[in-house]
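# Secondary and tertiary structure notes
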Amino acid sequence: MSTAFVTGANGFIAQHIVVALLEAGYKVIGSVRSSAKGDQLKENLRGKAFDYVVVEDLGKKGAFKQALKSHPEIKYFLHTASPVDFGTDNPERDFLIPSVEGITDILTTVKDYGPQIEKFVYTSSVVAITYLDRPVEETASEESWNSITWEEAKLDASRGYRGSKTFAERAAWDFVKKEKPNFVLSTVNPTFVFGPQAFESEVKEKLNETNQIINSLLSLKATDKAPVFGWTFIDVRDVAKAHVLSLQNPEIENQRIITSNTRFDSQLVLDIINKEFAAEYAGKIPTGNPGVYQKIGPTFDDKKSRSLLGFEYIDIKTTIVDLVQQVVNYRKRSNL
Ligand code: NDP
């Protein structure tokens, strides 16, 4: 049983990664910011080969030193934790500095205190690859980089987040090139991640940043104007699978793996909800302009990633239905 370490193990994506790793036969140690969060996750994973360590702030120097010293059995390191607080009014302090310093410090710690570690997988993002507002005609691939500057990234939270993912991923590749550690690096670069929480107990009134985009449609009134948004999406369970395959597939070394399924837009999501949840939502949320969809954002040339992963992605209908079903269950349970 090989041991994998997952940072930010209680996060939306990370919980699915932990579940997928356990199902694939790994022993998992996760880092969380408090024992309450660790205990909750342990409770959800009762009887499974999971344990946690508390690491309060990944921005602190040597944050993972003790965890690595105490667990010389760790063979794989998956770094998923990242500041994702879009409420910040200081993106440099809250996004840029902690994510860039954080990843460099973690890589240094893994090199120094985990010489037995074979693979380091960093959860980057497609925002490290391209801009959200590029035209449909523009193509982005595993070779592309978002050209955002540090100054631009300081301007607001949204640019701060995109900058943080870009600069952190660049810092990771630079580190490996310069420091030549024992481990090999690969990154998973997901697009908008939607889908169910790994556990029903994690479903709350407000969901994580990306699922909240879908959840917010459920609070609209039938007379509200349908909002317009869209891009490409990927199901959270496919992102988790991509992380596990990054450990297992020897060809996924020094690779950036884009995980991006088909395009979606708000109209398509409304159509799915109005049809599949007619009893709960038809006549209560907007219908918009059914069947009339928009293509928003650049096109991905992700043939290489899809071929390395070698599995079919979950379709948008399944993703939205599984997500909304959890919200419906939660609202019933809570008498809302
Ligand atoms: P979540 O907000 O659900 O999870 C973020 C995790 O990071 C949580 O465990 C959080 O801990 C932890 N964290 C945040 N700040 C710190 C910090 N300063 N020190 C230690 N831990 C911290 O987000 P997601 O699951 O959506 O995102 C996970 C990763 O995937 C991130 O790296 C994100 O950038 C990336 N990603 C996400 C996409 C998406 O669509 N969701 C798309 C592309 C990439 P706590 O719970 O205690 O706050």
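Quick caveat, the model's predicted, so the values are computed rather than measured.

## As for the site of the ligand
In the vicinity of the ligand, 24 residues are found, and the nearest of them are Arg33, Lys37, Thr80, Tyr161 and Lys165. One of the backbone nitrogen or oxygen atoms of Ile13 is found 2.9 Å away from an oxygen atom of the ligand. The fraction of the free accessible surface of the ligand (900 Å²) that becomes covered by protein chains is 86%. Listing elements by their share of the shell around the ligand, those giving two or more residues are helix H1 (12-23), helix H6 (157-179) and strand E8 (192-194). In the shell around the ligand, the residues fall into 10 nonpolar, 10 polar and 4 charged.

## Quick notes on the nonpolar core
If you look at soluble globular proteins, the nonpolar side chains tend to sit buried side by side. Formed by 38 residues in total, the largest nonpolar core has its most connected members in Val6, Val18, Leu21, Phe50, Leu78 and Leu309. At the level of secondary structure, the elements contributing two or more residues to this core comprise strand E1 (3-7), H1, strand E2 (27-32), strand E3 (50-54), strand E4 (74-79), helix H8 (236-248) and helix H11 (303-309). Here the element with the most residues in this core is H1; it accounts for 8 residues. Of the domains in this structure, domain 1 (3-194 + 235-259) and domain 2 (200-231 + 263-333) are the two that each give at least three residues to this core. Listed in part, the 33 residues of the second largest apolar core include Phe120, Ala153, Ala171 and Phe183.

## Some words on the environment of Arg170
Tracing the sequence through the fold places Arg170 in helix H6. Sequence spacing of Arg170 and Ser124 is 46 residues, and the spatial spacing of their C-alpha atoms is 10.0 Å.

## Some thoughts on the packing of aromatic side chains
Applying the stated rule across the entire model yields 17 aromatic pairs. Here Phe64 and Phe77 contribute two aromatic rings whose centre-to-centre distance is 6.0 Å and whose plane-to-plane angle is 85°, an arrangement assigned as edge-to-face. Of this pair, Phe64 sits in the loop between E3 and helix H3 (65-70) while Phe77 sits in strand E4, placing them 13 residues apart in sequence. We classify Phe64 as buried; its relative accessible area is 2%. Look at Phe77 and you get buried, because its relative accessible area is 0%. Relative to Phe264, the ring of Phe194 lies with its centre 5.1 Å away and its plane at 85°, an arrangement referred to as edge-to-face. Linking Phe194 in strand E8 with Phe264 in strand E11 (residues 263-265), this pair joins segments that are 70 residues apart in sequence. The exposure class assigned to Phe194 is buried, which follows from its relative accessible area of 0%.

## Considerations on the domain arrangement of the protein
Each assigned domain of the protein is listed here: domain 1 (3-194 + 235-259) and domain 2 (200-231 + 263-333). Between the C-alpha centres of domain 1 and domain 2 there is a distance of 25 Å. Across the domain 1/domain 2 interface, buried area totals approximately 3,000 Å², and carbon plus sulfur atoms make up 62% of it. In terms of surface lost to domain 2, no three residues of domain 1 exceed Val136, Phe194 and Asp238, which account for 22% of the buried area on that side. At the surface where domain 1 touches domain 2, the tally comes to 2 salt bridges. Lys304 is the partner of Glu143 in a salt bridge, and the nearest nitrogen-oxygen pair spans 3.7 Å. Our count for the contact surface shared by domain 1 and domain 2 stands at 17 residue pairs in polar contact (both at pLDDT 80 or more). Going through the elements one at a time, H1, helix H2 (35-44), strand E6 (139-141), E8, H8 and strand E10 (256-259) are the ones with two or more residues in the side of domain 1 that touches domain 2.

What counts, and where the lines are drawn
Residues numbered from 1 in each chain as written. Predicted model: local features only at pLDDT ≥ 70, side-chain atom pairs only at ≥ 80, totals over all residues. Heavy atoms only, no water. Near = heavy atom within 4 Å. Polar contact = N/O pair within 3.5 Å; in protein donor to acceptor, adjacent residues only side chain to side chain. Areas by Shrake-Rupley, 256 points an atom, 1.4 Å probe, with all protein chains shown as cover. Helix = DSSP H or I, 4+ residues; strand = E, 2+ residues; numbered from the N terminus. Nonpolar A, V, L, I, M, F, W, Y, C, P; charged D, E, K, R; others polar. Core = buried A, V, L, I, M, F, W, Y, C linked by side-chain atoms within 4.5 Å. Buried < 20%, exposed > 50% of the residue type's maximum accessible area, 1.4 Å probe, protein only. Domains from an automatic or database assignment. Phe/Tyr/Trp six-rings, centres within 6.5 Å; stacked < 30°, edge-to-face > 60°. Buried area = accessible area lost by both parts, 1.4 Å probe. Salt bridge = Lys/Arg side-chain N within 4 Å of Asp/Glu carboxyl O.

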